[in-house]
Amino acid sequence: MFGYKLNTLNAVIILAATAVNCNAFVSPPLVFSRPVTTEVSSAISDEQEIDIDIRTGKKTGLSFLPEETIERAKAGNKIEKNKLAKDPTSAFIDVYEYAAKIRAGEMTWKEVERADLDTRVKYVGMLHRGKRTPGQFMMRLKVPNGIINADQLRFYADSVEKYGDEGGVVDITTRQNIQLRGVKIEDAPDIIDGLHARNQTSFQSALDSVRNMVGSPLAGIDDKEMVDTRELMNALNDLVSLDPETGTRGNPQWGNLPRKFNIAISGSRDDYAHTHINDIGLVPCEHAETGVMGFNVALGGFMSIKRIAESVDGKMWIPADRNSVVTLCEAILRIFRDESDRKDRQKARLMWLVERYGVDEFKAAVIKEVESYDRGVVIGDTQPVSKEPFERRSLLGVHKQPQEGKSRVGFLIPTGRLSQNECRVIADLADKYSEGEVRLTVEQNAILPNVDDDKIEELLVEPAFGADSRFKVNPGRIEGNIVSCTGAQFCPLALIETKAHAESLGAKLEALVTVDKDVRIHWTGCPNSCAQVQVADIGIMGAPAKKVDPESGKAKAVPGCKIFVGGRIGEDAHLSLEPFVSGIPLDEEDLIPVLIDILKKEFGAVDASPKAVEVVIDE
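Residues numbered from 1 in each chain as written. Predicted model: local features only at pLDDT ≥ 70, side-chain atom pairs only at ≥ 80, totals over all residues. Heavy atoms only, no water.

**Q** Just to check I follow, could you spell out the packing of helix α10 (residues 322-339) against helix α12 (residues 359-373) for this structure?
**A** A pair of packed helices is captured by two measures, namely the crossing angle of their axes and the spacing between those axes. Remark: α10 packs on α12, axes separated minimally by 9 Å, with the N-to-C direction vectors making an angle of 115°. Where α10 crosses over α12, the two elements pack in a sense that is right-handed. In contact with Thr327, Leu328, Glu330, Ala331, Ile332, Arg334 and Ile335 of α10, α12 contributes Phe362, Ala365, Val366, Glu369, Val370 and Tyr373. Residue composition of the contact of α10 with α12, by class: nine nonpolar, one polar and three charged. (Axes fitted to C-alpha atoms, helices over the stretch in contact; angles between N-to-C directions. Helix = DSSP H or I, 4+ residues; strand = E, 2+ residues; numbered from the N terminus. Left-handed = near helix turned anticlockwise from the far one by under 90°. Contact = heavy atoms within 4.5 Å. Nonpolar A, V, L, I, M, F, W, Y, C, P; charged D, E, K, R; others polar.)

Printed below as a string of structure tokens:
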């Protein structure tokens, strides 16, 4: 038997009540007792029907899996076997215990069980960066719909401050999410408790979990909005990371997926959520006959080191209500959890399962699953989308809201990298101008919503947007559209450093050439494509390159890249799957001329003024 059976939950964990609202999910501080005693353990009965982890008082992730799935996991990959040996959903207990022992001087991080260090603590959102920063972790949060507040921003800064200016940074991700850098195990419990006290969590944000819920950054403040995604995002976040039986964060029902799973809901025709590269993408669309607002369902989009796949039409439509959205996603997740590959992780994403079924057969399986829940949800056929011309709108700059006297102000955060001080600066701006609220975008930038129109001029002259700041409300068409993965500074998979190069080259290209439309340049350090280079106008991926050494005259291996051209986002989304050019050295003297040539030939760029070029050369 896997897991344990328990009849006295109060001996293990003290639970507090949980409330949820449409703007942020609420999680109580978790209060843990000492490990279960021999007396309590002896009371466990094999006749009880539910597998319970005796340390958490919660069901195990394994207890939700059918026997057939468990048998496949036994013959599965190393991670599956690790999950069988020690359920990942209790990893937060291990983090607390390891932290207490390290603080007491009873052990060091190097003595943490290898399977915990490399695998299980990812369930808590902690990813060890042993190759770059041994003993330190990236902690990934869950920020549904990318909405945060000033208090949370200050807490992020406080949490990483002890790790220094270089190591203790905060990153905005391409899933509207937050990642804290430099975290040590001994500090993790305080950060986790602080997040829970602020209605956030890191639980089930990594490993084989449903990742951050991506929605519209303009939800509720958009005059072209079709669906307000906030309530739906929070409901889905609660589905996957709130235990309905205990009211605590971490839902074991979805704690043992075969692989990660991404969900995105778009709120308008702009598709700011990039639904075409998510496992489930919900695209707003009215029903042609009834006029009811709903979603067409896209399935299977993903990016990995072995395969990049654009989503396919799931041939389904659902109404845009909470019950329908949650029920559909739950049904697809159940099928995915129990039936996807447990042996080859590269084939354990939803697209492979959809292809194995066939789209029509998969649709039938989803409908059957939904009907078994008996919630009154009806799945229709894909509805025709509007053919009226539509141009995707910019999220940067000052834009009127439908609310009288209010505007949104989007600003550039180069590559999404924030220092501790910059977190606090944004928090101060939010408190002063947007009632403490900040919206994050998949382009790694931020929006201050609901700014009073009569405060706009005052906001724009704040030092935060001055000459000495990295933030810009009206950046150029190139520098304002730079996206970057973590890169080699922290990520062990990256072949090149990305963020520093991306920010530097973005500014230099902006000064060297002029374009009449936005050009999106994405940087990713390896073929996993975390920065989604295939959707970019120009995508730069770390790759081998050679360059002639001037002293020896021989070609030597140097950091380099391959470049993709022609990806698109929005209603006309398209993935650029083949490199436009490869083997380009990363040195600016080699890379800049190649990029300028691409900008001129493919995007109509022209040379900037000679004076601007002189400034760049002088630098």
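**Q** Would you take a moment to explain the sheet that holds strand β12 (residues 293-299) for this structure?
**A** Within a sheet, adjacent strands bond to each other through the backbone by hydrogen bonds, running parallel or antiparallel. On the basis of which strands lie adjacent, the open sheet formed by four strands has the order β10-β11-β12-β15 and mixed pairing. This sheet does not close on itself; its edge strands, each paired only once, are β10 (263-265) and β15 (312-319). Along the sheet, successive strands turn relative to each other by an average axial angle of 25°, direction set aside. (Pairing = 2+ DSSP bridges.)

**Q** Got a minute to help me understand helix α15 (residues 499-512) in this structure?
**A** Since the α-helix advances by 3.6 residues per turn, residues separated by three or four positions end up pointing in the same direction. In this model, α15 (14 residues) spans 20 Å end to end at C-alpha, consistent with the 20 Å of a helix rising 1.5 Å per residue. Along α15, the residues that are buried comprise Lys499, Ala502, Leu505, Gly506, Lys508, Leu509 and Leu512. (Expected span 1.5 Å × (residues − 1). Buried < 20%, exposed > 50% of the residue type's maximum accessible area, 1.4 Å probe, protein only.)

**Q** Looking at this structure, I do not really get the sheet that holds strand β7 (residues 147-149). What am I missing?
**A** The antiparallel open sheet is built from five strands, whose spatial order is β7-β19-β20-β17-β16. For this open sheet the edge positions go to β7 and β16 (397-400), each flanked by a neighbour on one side alone. Across this sheet, the average inter-strand angle for adjacent strands is 30°, counted without regard to direction. Examined bridge by bridge, strand β17 (residues 406-411) and strand β20 (residues 446-452) share five bridges and lie antiparallel to one another. Bridged to Ser407 within β20 is Val451.

**Q** For this particular structure, what's the right way to read the environment of Gly105?
**A** By the element assignment, Gly105 lies in the loop between α4 (91-103) and α5 (114-118). Spatially, the C-alpha atom of Gly105 lies 51 Å from that of Glu589, the residues being 484 residues apart in sequence.

**Q** Honestly, the domain arrangement of the chain in this entry has me stumped. Any pointers?
**A** Interfaces are often sized by the amount of accessible area the parts lose when they come together. Each domain of the chain was delimited in the assignment, giving domain 1 (258-385), domain 2 (397-474) and domain 3 (480-607). A separation of 28 Å is found between the C-alpha centroids of domain 2 and domain 3. Listed as interface residues are eight residues of domain 2 and, on the opposing side, 10 residues of domain 3. Both faces combined, the contact of domain 2 with domain 3 buries some 790 Å², and carbon together with sulfur accounts for 46% of it. Looking at the side of domain 2 facing domain 3, the largest losses of area belong to Thr415, Arg417 and Gln444, adding up to 61% of the total buried there. Linking domain 2 with domain 3 are one salt bridge, by the criterion used here. Where Arg470 meets Glu503, a salt bridge forms, and the shortest distance between an N and an O atom there is 3.0 Å. Where domain 2 packs against domain 3, one counts four residue pairs in polar contact (both at pLDDT 80 or more). Taken together, the residues that form the side of domain 2 that touches domain 3 break down as two nonpolar, three polar and three charged. (Domains from an automatic or database assignment. Buried area = accessible area lost by both parts, 1.4 Å probe. Salt bridge = Lys/Arg side-chain N within 4 Å of Asp/Glu carboxyl O. Polar contact = N/O pair within 3.5 Å; in protein donor to acceptor, adjacent residues only side chain to side chain.)

**Q** Can you help me understand the pattern of salt bridges in this one?
**A** Pairing between side chains of opposite charge can happen when their charged atoms approach one another. Inspection of the entire model under this criterion finds 59 salt bridges. Measuring nitrogen to oxygen at the nearest pair gives 3.1 Å for the salt bridge that ties Asp338 to Arg334. In this pair, Asp338 and Arg334 both sit in helix α10, four residues apart, roughly one turn of the helix. Linked by salt bridges that have partners in common, Arg55, Lys86, Asp94, Glu97, Glu113, Asp116 and Arg120 make up one network.

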